[in-house]
Amino acid sequence: FNFFNFQVSAPGKGVLITGCESPIAWYLAKKLDDLGFTVYAGFNVPVEDSEEAKILKEETSGRMKILHVDVTSEKTLLEAALFISEHLPYGAQGLWALMHCAHWIALGELEWIPFGVLRKSLDLNLLGVARLTQLMLPLIRRANGRIVFLTSGLNKVPAPVRGIQCATQAAVESFAACLRQEMRPRGVDVSVVAAGEFSPGNAWLNETELREQAKEMWSKLSTEQKKTYGEDYYEAAMTSVDKYSKEAADIQPTLRVLIDAVTRTFPMARYTPVTPHEKFQIFFAEHLAPSLYELIYGTKK
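- As annotated in an unreviewed UniProt entry, the protein carries the name D-beta-hydroxybutyrate dehydrogenase, mitochondrial and is attributed to Glossina fuscipes.

## So, the overall build of the protein
Inference 1: The helix and strand inventory of the protein stands at 11 helices and 7 strands.
Inference 2: Out of the 301 residues belonging to the protein, those deemed buried represent 50%.
Inference 3: Long-range contacts, defined here as pairs at least 24 residues apart, represent 74% of the contacts in the protein between residues at least 6 apart.
Inference 4: Accessible area of the protein: about 14,800 Å², with a carbon and sulfur share of 57%.

## Considering the sheet that holds strand β1 (residues 14-17)
Inference 1: Pairing is parallel across the open sheet formed by 7 strands, whose spatial order is β3-β2-β1-β4-β5-β6-β7. The sheet is open, and its two borders are formed by β3 (65-68) and β7 (270-271), each paired with just one other strand.

## Examining the packing of aromatic side chains
Inference 1: Throughout the structure, instances matching the rule amount to 9 aromatic pairs.
Inference 2: When the ring of Trp26 is compared with that of Tyr27, the centres are 5.1 Å apart and the planes differ by 80°; the resulting orientation is edge-to-face.
Inference 3: You can call Trp26 buried: its relative accessible area is 11%.
Inference 4: The interplanar angle of 25° and the centroid separation of 6.1 Å between the aromatic rings of Tyr229 and Tyr233 together place this pair among those described as stacked.
Inference 5: Classification of Tyr229 as partly exposed rests on a relative accessible area of 21%.
Inference 6: Classification of Tyr233 by relative accessible area gives partly exposed; the value is 35%.
Inference 7: Grouped by ring-pair contacts, the aromatic residues Trp112, Trp218, Tyr229, Tyr233 and Tyr234 constitute a single cluster.

## Considerations on the environment of Thr228
Inference 1: In this structure, Thr228 sits in helix α7 (residues 223-229).
Inference 2: A distance of 2.8 Å separates a polar atom in the side chain of Thr228 from the backbone oxygen of Glu224.

## Things to note about helix α10 (residues 276-287)
Inference 1: When the terminal C-alpha atoms of α10 are compared, their 16 Å separation across 12 residues agrees well with the 16 Å that a helix rising 1.5 Å per residue should span.
Inference 2: Among the residues making up α10, those that are buried are Glu278, Gln281 and Ile282. In an axial view of α10, the angular spread of the buried residues amounts to 100°, which keeps them on one side of the axis. Opposite the buried face of α10, at more than 90 degrees from it, the exposed residues are Pro276, Phe280 and His287.
Inference 3: In the core, the buried residues of α10 are packed alongside α11 (290-297).

## Regarding the state of the cysteines
Inference 1: For the structure on display, the rule yields 0 disulfides.
Inference 2: There is no disulfide at Cys20, and the cysteine sulfur nearest it, in Cys101, is 7.1 Å away.
Inference 3: Judged by its relative accessible area of 0%, Cys20 is buried.

## Notes on the pairing of strand β5 (residues 146-152)
Inference 1: Of all 7 residues that make up β5, 7 are buried, and the element is covered over most of its length.
Inference 2: Going residue by residue along β5, you find Arg146, Val148, Leu150 and Ser152 tucked away on one face and Ile147, Phe149 and Thr151 tucked away on the opposite face as well.
Inference 3: Where strand β4 (residues 97-100) and β5 come together, 4 bridges link them in parallel fashion. When the sheet's bridge partners are listed, Leu98 is paired in β5 with Ile147.
Inference 4: In this fold, β4 hands off to helix α4 (residues 115-142), which returns the chain to β5; that crossover is right-handed.
Inference 5: As judged from the 7 bridges shared by β5 and strand β6 (residues 189-195), these two strands associate in the parallel manner. Among the inter-strand pairings, Ser152 is bridged to a residue of β6, identified as Ala195.
Inference 6: Assessed by its sense of winding, the connection that carries the chain from β5 through helix α5 (residues 163-183) to β6 is right-handed.

## Some thoughts on the nonpolar core
Inference 1: If you look at the biggest cluster of nonpolar residues, it comprises 35 residues, and the most contacted ones within it are Val15, Ile17, Leu28, Leu32, Phe37, Ala41 and Met99.
Inference 2: Elements with a contribution of two residues or more to this core: β1, α1 (23-35), β2 (38-43), α2 (51-58), β4, β5, β6 and α9 (252-263).
Inference 3: In this structure Met99 touches Val15, Leu16, Ile17, Thr18, Leu28, Leu32, Val148, Leu258 and Val262, once residues within four positions along its chain are discounted.
Inference 4: Of all hydrophobic cores here, the second largest spans 32 residues; its members include Leu16, Leu77, Leu124 and Val192.

Reading the values: the criteria
Residues numbered from 1 in each chain as written. Predicted model: local features only at pLDDT ≥ 70, side-chain atom pairs only at ≥ 80, totals over all residues. Heavy atoms only, no water. Helix = DSSP H or I, 4+ residues; strand = E, 2+ residues; numbered from the N terminus. Buried < 20%, exposed > 50% of the residue type's maximum accessible area, 1.4 Å probe, protein only. Contact = heavy atoms within 4.5 Å. Areas by Shrake-Rupley, 256 points an atom, 1.4 Å probe, with all protein chains shown as cover. Pairing = 2+ DSSP bridges. Phe/Tyr/Trp six-rings, centres within 6.5 Å; stacked < 30°, edge-to-face > 60°. Polar contact = N/O pair within 3.5 Å; in protein donor to acceptor, adjacent residues only side chain to side chain. Expected span 1.5 Å × (residues − 1). Arc of directions from axis to C-beta. Disulfide = S-S within 2.5 Å. Right-handed = clockwise from strand over helix to strand, strands pointing away. Core = buried A, V, L, I, M, F, W, Y, C linked by side-chain atoms within 4.5 Å.

Pasting the structure below:
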């Protein structure tokens, strides 16, 4: 018998999930609805433009609320906060959980990435997360609820082409760690789910979009940069992440811990649903001397 495994009662509790166009967040919304929570499923695009939103609405209960939540748009965040405050479950004092699952992937070596892309990555993956948290905290405090951040377990693993992605995910983890201490005396739990590389599900990178992104970045490089790197090197670097658009992922481990972070009375501060191989690489990246780590992993892209 474990006192810390007590589960909360789902009826009368509301959960806001961002990024529901991704497989992991979509299935999370469906599962929490099945368990009896009132789910506010946030989609990055207007609801009428999303086929995933329509299917989710059809396959869930009348409690499901579909919202347009673009974390880079102050207007949609304020509208979502107002809607939720006016449509809380019957008898609820506030919002039980906020789950940050929205991500935007930007890839490329630093010199290749246009500044606008860097800014968008920070806006969506970090600043939007912080702003939505600010707006929802009064409701979450009233419910003595929790905030859950979905990040990557590999954000401390240095790798070419993934610099800005690793940087924003590491920043979110640091932000969450500080927020946890700020919120502890106020009765709010903060959890990080540092998942594996393929946690968002099959084809977390769209192969066509990836190639278009690569082509556009190459066209914007100067003649000197193109000559320095060479097209062969550039192609090899960008296609090194092709596996992320093809890998068949098992999202179940990540889904289970996301649900645990919402339903457990005393959630863990950090969950790491990663594969054994990823666990070893994370351990080596954190504990080996950088020169030794790069000797083992540095040539792999």
